[in-house]
Amino acid sequence: MGGPCPREPTSLRKEKEMTDITKPTMEIEFRGERFKVSKAAFRSMKVQKKMALMEEDLKGAFEAMDAILCGGLDDALDRIPEADGTVSEYGASAEAFGALFEKIGEQLGKN
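Residue numbers restart at each chain and count upward from 1, following the sequence in its written direction. Where local features are concerned, this predicted model is filtered to residues with pLDDT of at least 70; where side-chain atom pairs are given and counted, the filter is 80 or more; whole-chain, interface and lining totals use all residues. Working from all heavy atoms in the structure, the side-chain values ignore hydrogens and water.

J.: Which parts of the structure should I look at to understand the packing of helix α3 (residues 45–52) against helix α4 (residues 58–68)?
T.: In a pair of packed helices, the angle between the axes and the distance between the axes together describe the arrangement. Contact geometry for α3 and α4: axes closest at 7 Å, N-to-C directions at 135°. By the criterion of interaxial angle, the relationship of α3 to α4 is oblique. Crossing geometry of α3 relative to α4 is assigned as left-handed. Taking contact as the criterion, the partners of Val47, Lys50 and Met51 in α3 are, on α4, Gly60, Ala61, Glu63, Ala64, Met65 and Ile68. Side-chain classes are defined by residue name, with Ala, Val, Leu, Ile, Met, Phe, Trp, Tyr, Cys and Pro counting as nonpolar, Asp, Glu, Lys and Arg as charged, and the others, Gly among them, as polar. Grouping the constituent residues of the contact of α3 with α4 by class yields 6 nonpolar, 1 polar and 2 charged. Structural elements are reduced to axes, namely lines fitted to C-alpha atoms, with helices fitted over the stretch in contact, and the angle between N-to-C directions of any two is expressed from 0 to 180 degrees. Secondary structure elements follow DSSP: runs of H or I of four or more residues count as helices, runs of E of two or more count as strands, with numbering from the N terminus. Throughout this description, any angle smaller than 35 degrees is read as roughly parallel, any larger than 145 degrees as roughly antiparallel, any in the 65 to 115 degree range as roughly perpendicular, and the remainder as oblique. Take the far helix as your reference; a near helix turned counterclockwise from it by less than a right angle gives a left-handed crossing, and one turned clockwise gives a right-handed crossing. Only heavy atoms matter for contacts: two residues are in contact if any of them lie within 4.5 Å across the pair.

Okay, here's the thing in structure tokens:
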């Protein structure tokens, strides 16, 4: 009866998924800095699964965070301020990064 459904190669599907999930976006203000985030990525079950499995697959979790930040994870790590407003030359601390993602969750949960 026709055989299996044709599928794109995995690498092309992943590239397409990363492109598609960056829409629609919004900006989040956090400690005086603005960050572009993807509502679609945040709500994606694939992204949420990667976040939930962080302890088992850290690379996947960072890919998920990068998708939520519209491909701007490295930039964000350089700009996320600490609670006192300072930005370290080594990038954001785990606490500051966690606080940003808590803010993202609060904001996207409202929209």
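J.: Help me out: how do you make sense of the packing of aromatic side chains in this one?
T.: The description of an aromatic ring pair uses the distance of the two centres, along with the angle that the planes make with each other. A pair of Phe, Tyr and Trp rings is counted when the ring centres sit within 6.5 Å of each other, with Trp represented by its six-membered ring. The angle between the planes then sorts it: under 30 degrees is stacked, over 60 is edge-to-face, the rest tilted. Here the structure, examined in full by the defined rule, presents 1 aromatic pair. For the ring pair phenylalanine 97 and phenylalanine 101, a centre distance of 5.0 Å and an interplane angle of 45° mean the geometry is tilted. Here phenylalanine 97 pairs with phenylalanine 101, and both are found in helix α6 (residues 94–110), just 4 residues apart, close to one helical turn. Throughout this description, buried means an accessible area under 20% of the type-specific maximum (1.4 Å probe, protein chains only), exposed means over 50%, and partly exposed covers the range between. Exposure remark for phenylalanine 101: the relative accessible area of 13% places this residue in the buried category.

J.: What is the right way to read a nonpolar patch on the surface from this model?
T.: Within this analysis, patches are made of residues with over 30% relative accessible area and no salt bridge. Like charges are joined at 9 Å or less; nonpolar side chains (Val, Leu, Ile, Met, Phe, Trp, Tyr) at 5 Å or less. Where accessible areas are quoted, they stem from the Shrake-Rupley method and a 1.4 Å probe; at the residue level, only the protein chains shown are allowed to cover. Here, a salt bridge means any side-chain nitrogen of Lys or Arg that lies within 4 Å of a carboxyl oxygen of Asp or Glu. A contiguous nonpolar surface patch, about 260 Å² in accessible area, is contributed by Met54, Leu58 and Phe62. Secondary-structure assignment places leucine 58 in helix α4.

J.: How should the pattern of salt bridges be read in this particular structure?
T.: When charged atoms on two side chains of opposite charge get close, those side chains can pair. Applying the stated criterion across every chain, the model contains 5 salt bridges. Among the ionic pairs, glutamate 63 bridges to lysine 50, the shortest N-O distance being 3.1 Å. Here the residue glutamate 63 occupies a position in helix α4, and lysine 50 occupies one in helix α3, the gap between them amounting to 13 residues. Accessibility expressed as a relative area gives 34% for lysine 50, which makes it partly exposed. Ionic pairing is found between aspartate 75 and arginine 79, a salt bridge with its closest N-O pair at 2.9 Å. Taken together, the residues span about one helical turn, with aspartate 75 and arginine 79 both in helix α5 (residues 73–79) at a distance of 4 residues. Overall, aspartate 75 belongs to the partly exposed group, its relative accessible area being 42%. Taking the relative accessible area as the measure of exposure, arginine 79 reaches 23% and is therefore partly exposed. Because the salt bridges share partners, they merge into one network encompassing Glu33, Asp75 and Arg79.

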